[in-house]
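Analysis of the macromolecular model
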Amino acid sequence: MSRLSAVAGISILAARLAGGSLVPRRRLTLRERLHNVPIDDAPLAAPAAIHWNQHMVPFIEAADEPDLAVALGVVHGHLRLAQLEAMRRISQGRVAEVLGPAAVEADHVLRVLDLGRATPAMEAMLPGDTRAWLQGFADGLNHVIAHVNRAKRYRPEELRLLGIAPQPWTVADLLTLGRLAATDFTWKVWIRLLKLRGRPDWLKLWSRLMDVGGEPPVPALSGSGGADGGAVEALDWLCDTFGRPGGSNSVAVDASGGADGAAKIASDPHLPITLPNLWLLVGMHCPTLHCVGYMVPGVPAVAMGRNPWIAWGGTSLHAASSELFDLSDLPDGAVRERRETIRVRWGADREVSIGETDWGPVLSDAPLIGPKQADGDAPRPRFALRWVGHDPSDEITALLRVNRARDLGEFRAALDGFAVPAQNMVYADERGKIAQVIAAHLPGRPLTAPEDMLAPRTDLDQWWSQRVTGTDLPALVEPAEGFVASANNRPEETPAVAVSWFFSPDDRVTRLRQLLAEGPPLTVDRLKALQSDVTMPGALVLRDALLGLAPAKPEHEDIRRHLMDWTGTYDADSAGALAFELFVNAFAEALHGEEDLAIYTATWDPWALLRDDLERLDPERLGTAALAGLDRAGEGVRRHRTWGAVHRLRLSHVLGALPGIGRRWRFVDAPVAGSNETVMKTAHGFSGGPHAVRLGANARHVSDLADMDANWFVLMGGQDARPGSVCFLDQWDLWREGEMMHVPLRLESVRRDFPYRTTLRPPAGGG
């Protein structure tokens, strides 16, 4: 695809969106948005009621599960239709059909990744009740689509501006979308590290990274990968905006530690910061299914929430669910070719060739992947991707069984069928019990760290021929300390197989345990406050180590005072937090220069690498870098004064990323507390100046198991994806102030407290 064609396509897209952007967006009231729900001739057997609160949180009341599934599809379609359409196209590698030539290379990579590879087998293995549930959900979505296609004024603004008519959904579409929500966090790490693999010191570097451990990088705002950096960033944007990989915190306290002698749970998932939110809050009731909590749009089951008996949350396990396998020794004919056509809006369609092996797709043949090969260079090794998500599994059935579970045994049995994305699941129940268990299917990989990113193909049969599930992995049940805490950290008990190489640093989990151990009673208010905590004691250890490298000089008196007066709390108005972050970044730049600093910005935990530097590098070199860091940090503090001046939370619609015309789709630019590894995570990567938070706590949940109605939730942003809706951004102030919405579970309480009601009606004469 020529660069001229791509530029032309972007110009056409910009002109189309700019034309629509000139029209003022009319504010839509809650009653107007609810009036737009298509209530007549819904594919139901009996009427179904949707109760709404003032934040447009729906609670569905239906006669049975088939009608509940349809009403749930109507809710997802009404609130998130444009988001769902984008997720479907990304999951199927069909973005160029909307965005034109600029998206062809991203589509090519997505076709190689082949997220729907297992969809036919997954659909064939569905139990009858799950198939009926998914079909009912699709019928509800399609009821909304038929409505907005008949009355185009109700079509989401993004789809109208792009000139897109949404098409009906199938069960296969939903299963493939579920795989987008299950993408492996290691893929983003690999894309960056593969570009460093041509370095002469690569194997030494890889060994060091394996020793240090950590978590995946937060993407920078601007590309730094050479000529194709922007394309890599575009792929990052697609996966970040609509996929699931991330962080999260989740804690539970048992009856001995919880106020009023009851267990409690608190969870806050960490995902990309974007509008609309990547979660949707829904309550639902029928005689056999009664729960409330967060769902992934298009995935019709509660991933985090509660029912009358239990509550659950989760954090990413950062599991080793994928492997890159070297194919350089393949025999002739072992790679098969698959031809696919990428439909391109405003340009010629493009046919691409995709390599397939018995072990997975040939990822090295995809654009954007790996280092560029110059003339005269030795051929790059070819490698294939082996991913648990390319094998059939049934996460929908697993989650629906979790939603119905009444005790820990049923909860764990349900999760045994959950393969991807691998999770640490936190549990609490009405009896006061708590637990932390793993939900994952993993290869039987040995604990020995790999010698390179590309594993020998001969290891395939040995590692991937056997699988372990959550019941084979460590669990923490009713611990003596009376609480469990998960923050993407390494499991306390060493499992028999390798779970991951890339766990998060311990800063968040250590802080959570410190706060939980301060003593009972742990009230709901204390758990809410915990989720807003921005103190990071580990930062003070690194501060002291770095300051100890540099001799005191008069010109550094002010910056040293800022640093030494700092308590490790990342308040938005803190000068000390600003001084520390600028000091660390400037020290690393002075120590390594631009070329080697790329290693630190590409990897998962730059602080871990810096701590390693302090142990192995020459003290004189470290001291020189520390002095340079103090110089730069002093200049930065004089210029910016506070952490919030550089640490910004910018809430934008996904179209806000477009140059020039994106301004109309940007809604918040505010100082925010927190940092990369504070409990209230507002991650910014490795940064020495003004930046935007790219990933962090985008939702919160707290439940008290003493009372079915004692549940609180908040989304960063709002429930409604319709720009201009009163509920598009109405929860932002709640999130910023640490406040939450009360969402009851008892049906009589919902009927009383949710003042708005929509009744879906079946066709005259029956469903």
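For the structure itself, look to the data block above.
Structural notes, computed from the coordinates. Quantities reported herein were computed from a predicted structural model and do not represent experimental measurements.

**Side note on the overall build of the protein chain**
- When its secondary structure is counted, the protein chain shows 25 helices and 30 strands.
- Taking 27 Å as the expected radius of gyration for a compact globule of 767 residues, we find that the protein chain reaches 26 Å, a close match to that expectation.
- Relative to its full complement of 767 residues, the protein chain shows a buried share of 64%.
- Contacts in the protein chain between residues at least 24 apart in sequence constitute 74% of all its contacts with a sequence separation of at least 6.
- Counting only carbon and sulfur atoms, one obtains 51% of the accessible surface of the protein chain, whose full area is about 28,100 Å².
- Across the protein chain, the 81 positively charged side chains and the 96 negatively charged ones have centroids separated by 7 Å.

**Focus on the packing of helix α3 (residues 65-91) against helix α9 (residues 171-180)**
- Close contact between α3 and α9 brings their axes to 9 Å; oriented N to C, the two are set at 80°. Of the possible angle classes, the one that applies to α3 and α9 is roughly perpendicular. Every residue of α9 that contacts α3 at L84, M87, R88, I90 and S91 is listed here: D173, T176, L177 and L180.
- Looking at side-chain class alone, the contact of α3 with α9 contains five nonpolar, two polar and two charged residues.

**Thoughts on the sheet that holds strand β24 (residues 682-683)**
- Strand order across the open sheet formed by three strands is β5-β26-β24, with antiparallel pairing between neighbours. Pairing within the sheet leaves two strands with one partner each, and these edge strands are β5 (270-272) and β24.
- Alignment of β24 against strand β26 (residues 695-697), held across two bridges, turns out to be antiparallel. Among the inter-strand pairings, A683 is bridged to a residue of β26, identified as L695.

**Re α9**
- For α9, a buried count of eight out of 10 residues is recorded, marking the element as mostly surrounded by other parts of the structure.
- Within the span of α9, buried status applies to V171, D173, L174, L175, T176, L177, R179 and L180.

**Remarks on the nonpolar core**
- In terms of nonpolar packing, the biggest core is built from 218 residues, with M284, F411 and Y570 touching the most fellow members.
- Here this core gets 13 residues from one element, more than from any other, and that element is helix α20 (residues 575-602).
- Apart from residues lying up to four places away in sequence, M284 is in contact with F59, I60, L68, L72, W133, L289, H290, C291, M295, V302 and N403.
- In terms of nonpolar packing, the next biggest core, distinct from the first, is built from 11 residues, L317, A422, V497 and V499 among them.

**Regarding the state of the cysteines**
- All told, the structure shown has zero disulfides when counted by the stated rule.
- Its sulfur unpaired, C291 is 9.2 Å from the next cysteine sulfur, which belongs to C286.
- Judged by relative accessible area, which is 0%, C291 ranks as buried.

**Digging into the pattern of salt bridges**
- Within the structure shown, the criterion is met by 44 salt bridges.
- Between R33 and D720 there is a salt bridge whose closest N-O contact spans 2.6 Å. A residue pair is termed long-range when its members are at least 10 positions apart, and R33 in helix α2 (residues 30-35) and D720 in the loop between β28 (711-715) and α24 (732-737) qualify at 687 residues. Each member of the pair R33 and D720 is classed as buried.
- D558 is paired through a salt bridge with R561; the nearest N and O atoms lie 3.2 Å apart. Of this pair, D558 and R561 are both found in helix α19 (residues 557-565), three residues apart, which corresponds to roughly one turn of the helix.
- Exposure remark for D558: the relative accessible area of 44% places this residue in the partly exposed category.

**Looking at the packing of helix α7 (residues 128-150) against α9**
- Contact pair α7 / α9: the axes reach a minimum separation of 9 Å and the direction vectors enclose 100°. It follows from the interaxial angle that α7 and α9 lie roughly perpendicular. Contacts between α7 and α9 involve L134, Q135, F137, A138 and L141 from the first element and V171, L174 and L175 from the second.
- Here the residues of the contact of α7 with α9 are counted per class, giving seven nonpolar, one polar and no charged.

**A closer look at the pairing of strand β7 (residues 289-295)**
- Burial within β7 is extensive, with seven of its seven residues counted as buried.
- Here three bridges tie β7 to strand β8 (residues 304-306), and the two strands are oriented antiparallel to one another. Note on β8: the bridge partner recorded for Y294 is M304.

**Concerning the environment of T510**
- With respect to the secondary-structure elements, T510 resides in helix α16 (residues 507-516).
- On a C-alpha basis, the gap between T510 and P537 in space is 9.1 Å, while along the polypeptide they are 27 residues apart.

**A short note on the packing of aromatic side chains**
- What the rule picks out here adds up to 11 aromatic pairs.
- Between W202 and W206, the aromatic rings sit 5.8 Å apart at their centres with planes inclined by 35°, giving tilted as the arrangement. Here W206 and W202 lie together in helix α11 (residues 202-212), a separation of four residues that amounts to about one turn. Like W202, the residue W206 is buried in the burial classification.

**Remarks on the sheet that holds strand β3 (residues 249-253)**
- If you walk across this open sheet you meet the six strands as β21-β3-β4-β27-β28-β29, and the pairing is antiparallel. At either margin of the open sheet sits one strand with a lone partner, and together these are β21 (483-486) and β29 (741-742).
- Both strand β27 (residues 699-704) and β28 contribute to a ladder of five bridges, which runs antiparallel. For R700, the partnering residue across the bridge sits in β28 and is V714.

**A short note on unusual backbone geometry**
- The omega torsion across L275 and P276 is -5°, close enough to zero to call that bond cis.
- Of note, P276 is situated in the loop between β5 and β6 (280-286).
- Of note, the bond from P520 into P521 is cis; its omega dihedral lies within 30 degrees of zero at 0°.
- Residue placement: P521 occurs in the loop between α16 and α17 (524-531).

**What about α17?**
- Residues V524, L527, K528, L530 and Q531 constitute the buried set of α17. When α17 is viewed along its axis, its buried side chains cluster within an angular range of 155° and face the same direction.
- Elements in contact with the buried residues of α17: β3, β4 (264-268), α16, β27 and β28.

Scoring rules and cut-offs
One numbering rule holds for all chains: residues counted from 1, following each sequence as written. Selection of residues for local features in this predicted model requires a pLDDT of at least 70, selection of side-chain atom pairs for listing and counting requires 80 or more, and totals for whole chains, interfaces and linings are taken over all residues. Heavy atoms throughout the structure, all of them, feed into the side-chain values; hydrogens and water do not. Labels follow the DSSP assignment, with helices taken as runs of H or I lasting at least four residues and strands as runs of E lasting at least two, numbered in each case from the N terminus. The globule rule is 2.2 Å times the number of residues to the power 0.38, and the radius of gyration it is compared with is taken over C-alpha atoms. Only protein chains enter the accessibility calculation, which uses a 1.4 Å probe; a residue whose area is less than 20% of its type maximum is buried, one above 50% is exposed, and one in between is partly exposed. By definition, residues are in contact when any of their heavy atoms lie within 4.5 Å. Here the open area of atoms and residues is found with the Shrake-Rupley method and a 1.4 Å probe, where only the protein chains shown may cover a residue. Just so you know, the count uses Lys and Arg for positive and Asp and Glu for negative, and it drops His and the chain ends. Just so you know, the charge point we use is NZ for Lys, CZ for Arg, CG for Asp and CD for Glu. Each axis is a line fitted through C-alpha atoms, taken for helices only over the stretch in contact, and angles between the N-to-C directions span 0 to 180 degrees. Comment on the angle field: the value is read as roughly parallel under 35 degrees, roughly antiparallel over 145, roughly perpendicular from 65 to 115, and oblique elsewhere. Three residue categories are used. Nonpolar comprises Ala, Val, Leu, Ile, Met, Phe, Trp, Tyr, Cys and Pro, charged comprises Asp, Glu, Lys and Arg, and polar comprises the others, including Gly. The pairing criterion is simple: DSSP has to find at least two bridges between the two strands. Each nonpolar core is a collection of buried residues, namely Ala, Val, Leu, Ile, Met, Phe, Trp, Tyr and Cys, held together in the definition by side-chain atoms within 4.5 Å. Here, a disulfide means two cysteine sulfur atoms that sit within 2.5 Å of each other. By definition here, a salt bridge exists when the distance from a side-chain nitrogen of Lys or Arg to a carboxyl oxygen of Asp or Glu is within 4 Å. In summary, the pairing rule links any two rings of Phe, Tyr or Trp, Trp by its six-membered ring, whose centres are within 6.5 Å, and it sorts them by plane angle into stacked for under 30 degrees, edge-to-face for over 60 and tilted for everything else. The arc refers to the directions leading from the helix axis to the C-beta atoms.

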